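Examination of the molecular architecture
Residues per chain, in single letters:
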Amino acid sequence: MEFFEPVLNGFGVVLEPTNLLYCLLGVVIGMLIGVLPGLGPAATIAILLPLTYGIEPVTAIIMLSGIFYGAQYGGTITSVLLRLPGEASSVVTVFDGYALTKQGRAGTALGVAAIGSFIGGTVAIVGLTFLAPLVAGFALDFGPPEYTALALLGILLVATVSNGGRLKSLIAAAVGLLLATVGRDGFTGESRFTFGSLELADGLDFVPIAMGIFGLGEILYNLEERHNKVSAPAKVANVWPSRKDLKQASGAIGRGSVLGFFLGILPGGGATLSSLAAYAMEKKRAKDPSRFGRGAIEGVAGPETANNAAATSSFIPLLTLGIPANATMAIIFGALLIQGVTPGPQLVQNDPELFWGVVNSMYIGNILLLIMSIPLVGVFVRILRVRPAILAPITVLITLIGVYTINNSIFDIWLVIFFGVFGYLMKKFGFEPGPLVLAFVLGALLEESLRRSLLLFGGDATQFAGRPITAVLLFVFIVVILLPVLQKARKNRAAKATTIPTKHKESV
Amino acid sequence: MTSSPEAGRRATGGSHPLHPEPEHRVADPGADFIEDLTPEDLAAQWEEERPPAAGPAANIASAIVVTALGVAGTIGSIRLGLGSPAEPEPGLWPFMISVLLVVLGIALGLFGRNVLDAEKFSRSSLQVAAGLLSLVVFTLLLGRIGFEIPALLLNVVWLRFLGRETWRMTAVLSVGITVAFYLLFVSALNVPIPHLF
């Protein structure tokens, strides 16, 4: 009973009218940006950061997380109806979802996806409820060496798994770490890389960087894209899937929930990876894999369930270890820091209202999303007709005015514009912005833990290997670095043996 | 990573009126949809719709910038003082990252040259420049004459010239958006944004 008391109290927090309202606001925004092509959840959350200054920490995080998992629902709609994935995590849904639309069964696909998302999300919240306190309890004994290893591994995994090339993602992460050193040194108080500027004396703010690189950078990048008119279907008939469809999809939903939950916990995992993995698994398991791509309901149910489960479970490393598992979590991490809350193992105990308030709000959010995805789906389908060109100036103005309101400072607007251009150029030159922002957020923690560890060890870095948890984490770190190199070497040897010339390297 | 550039790219670059895709239609009950593509075809089509890739020059340029940043960082950190592992000074950590940047930059120049993940700048990149210019003008004017007129101008530029909306739509929307922002930020939220009225 002792365990459940704070959990139940969390429901009290959620049911406060303000929190309910912001939960609704979050999931509606999430659903909208999921449906509309262009901005992803990371960009949207970044742009809305200024909004969270005036509200309570719980309320702010409830809304921001609602945007994140809400986008997973919304992204499905364009995948199924228009063959345009609204979100990266809905890319694989296109294959069978659109095939079902062509057979006149769009409603079935959307209905099954919504129900799968709901089940996946709910299973993951239950898993989160039980697993998170365990992880946090385990991590309470972590000292600086463990945190050093954990932060290093987290950054490396996110850089490795992200969409861009490995080398470029690592560079982005290193630049993020370097940017984090600007300002006062936490140990000696000495100014670093401020070039005498007073505005840089306290270091670069997270908000203008996130808003610039994710928000404005993405808006500028989208300007270059063709503005296509999409012809949305006027109506979607019968979103309630039949009992037969549900029965056929139930296995995929069950497997997707579990797979998504576990992949979501891993740093660098998250929604996109788990949707790909779930699709691959369903195809492999199927008696007749050739049905996939031609309207197999499992091909919609599996990935859509998995991406929701993963979106939810990716909160575990953030809320229990203080290590964000992906770029969106990095922004939520930043939002917590703004609110004066440092996520980490102490959070569950020291701030149970925040922790359980946010976790339990996800039940409500998922119920709201299920309602929006089945009975109200027509409303969101109609929103598809809004042209991206009309939304662009609105998002720009929200970004610029929003960042101004934080400190009433025009300098902050200039910073956002600067980092917006920087983010745009990164994308043009093939660098993922995610690892940069993540590394920037973790930079201070990593440096502090490293320096504390070195003091602890009297400067002897080999002592890292003497602590079991640190040793394991660093071992994994080294394996992740070496694995692709070894694989390449083996491939090269194999290629030489068969003397097949290779023209282009796919990625480094 | 949930908001990948891929998503935006795919999401906006869907069916192409100018590029009729190869038709291999199967007799389907609802065959009047775009066309029938296997996942492999679809992946290939997305690949084609990506903006043209920039050649090795772009990667070499990136490598030079990264290496230069690393070198500058290294020099700066040495000036801050490195100390020793037992007694690290402020420069030690930035020094480690900067050296890593130099190594990664050189590695990119040597091994990553032929990876085709950079995009060419094209004529449509000028739209980005124009958009950027409008942001700069907005910010310059904001402190002097408040946000209303700059916001209106920004709307007109983004709707009419970058978004190719009609003049009528542009007029209605830009006035509407500006008024809505005024009502929201100034009247309702009382945000201390510089305003004229």
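Here is a short report on the structure shown in this document. (Residues numbered from 1 in each chain as written. Chains lettered and ligands numbered in written order. Predicted model: local features only at pLDDT ≥ 70, side-chain atom pairs only at ≥ 80, totals over all residues.)

1. Observations regarding the overall build of chain A
As a reminder, the rule being used: To qualify as a helix, a DSSP run of H or I must reach at least 4 residues; to qualify as a strand, a run of E must reach at least 2; elements of each kind are numbered from the N terminus. Atoms counted for the radius of gyration: C-alpha only. Globule rule: 2.2 Å times the number of residues to the power 0.38. Neighbour counting defines burial: a residue surrounded by 20 or more other C-beta atoms within 10 Å of its own C-beta is buried, one with 12 or fewer is exposed, and intermediate counts give partly exposed, using backbone-placed C-beta atoms. This entry defines residue contacts through backbone-placed C-beta atoms, with two residues in contact when those atoms are within 7 Å.
Check the secondary structure of chain A and you find 21 helices and 2 strands. A globule of 508 residues ought to have a C-alpha radius of gyration of about 23 Å, and chain A, at 23 Å, matches this closely. Its C-alpha atoms put chain A at 70 × 65 × 55 Å along the principal axes. With 508 residues in all, chain A has 60% of them scored as buried. Across chain A, contacts joining residues at least 24 apart in sequence account for 80% of those joining residues at least 6 apart.

2. Thoughts on the nonpolar core
Stated formally: Remark: nonpolar core denotes a set of buried Ala, Val, Leu, Ile, Met, Phe, Trp, Tyr and Cys residues whose joining runs through C-beta atoms within 7 Å. Domain delimitation follows an automatic or database domain assignment.
Ile171(A), Ala210(A) and Val437(A) are the most contacted members of the largest nonpolar core, which has 203 residues in total. A domain-level breakdown of this core finds at least three residues from each of domain 1 (23-122) and domain 2 (125-188) of chain B. Aside from chain neighbours lying at most four places away, what touches Ala210(A) is Ala46(A), Leu49(A), Ile331(A), Gly334(A) and Val437(A).

3. Quick notes on the environment of Thr166(B)
Residues and elements named next belong to chain B. Tracing the sequence through the fold places Thr166 in the loop between helix H6 (148-162) and helix H7 (167-188). You can call Thr166 exposed: it has 10 C-beta atoms within 10 Å. In sequence terms Thr166 and Pro51 are 115 residues apart; their C-alpha atoms lie 27 Å from each other.

4. Some details on the interface of chain B and chain A
What counts is decided by this rule: Three classes are used, and their members are as follows: Ala, Val, Leu, Ile, Met, Phe, Trp, Tyr, Cys and Pro are nonpolar, Asp, Glu, Lys and Arg are charged, and the others, Gly among them, are polar.
In this assembly, 79 residues from chain B lie in contact with 91 residues from chain A. Taken together, the residues that form the side of chain B that touches chain A break down as 47 nonpolar, 24 polar and 8 charged.

5. Some words on the packing of helix H6 (residues 106-139) of chain A against helix H16 (residues 352-373) of chain A
Residues and elements named next belong to chain A. Short version of the rule: Axes here mean lines fitted to C-alpha atoms, for a helix over just the part in contact, with angles spanning 0 to 180 degrees between N-to-C directions. Convention used here: angles under 35 degrees read as roughly parallel, angles over 145 as roughly antiparallel, angles from 65 to 115 as roughly perpendicular, and any remaining angle as oblique.
For the pair H6 and H16, the least separation of the axes is 10 Å and the interaxial angle reads 175°. When the interaxial angle is binned, H6 and H16 end up roughly antiparallel. Touching Leu110, Ala114, Phe118, Gly121, Thr122, Ile125, Leu128 and Thr129 of H6 are Val359, Met362, Tyr363, Asn366, Leu370 and Ser373, all from H16. Along the lines of polarity and charge, the residues of the contact of H6 with H16 split into 9 nonpolar, 5 polar and no charged.

6. Remarks on unusual backbone geometry
Look at Asn408(A): it is not a glycine, yet its phi comes out positive at around 50°. As for its position among the elements, Asn408(A) is in the loop between helix H18 (388-407) and helix H19 (410-428). The exposure class of Asn408(A) is exposed, given the 11 C-beta atoms found within 10 Å. Positive phi, close to 55°, is recorded for Arg164(B), a residue that is not glycine. Among the secondary structure elements, Arg164(B) is positioned in the loop between H6 and H7.

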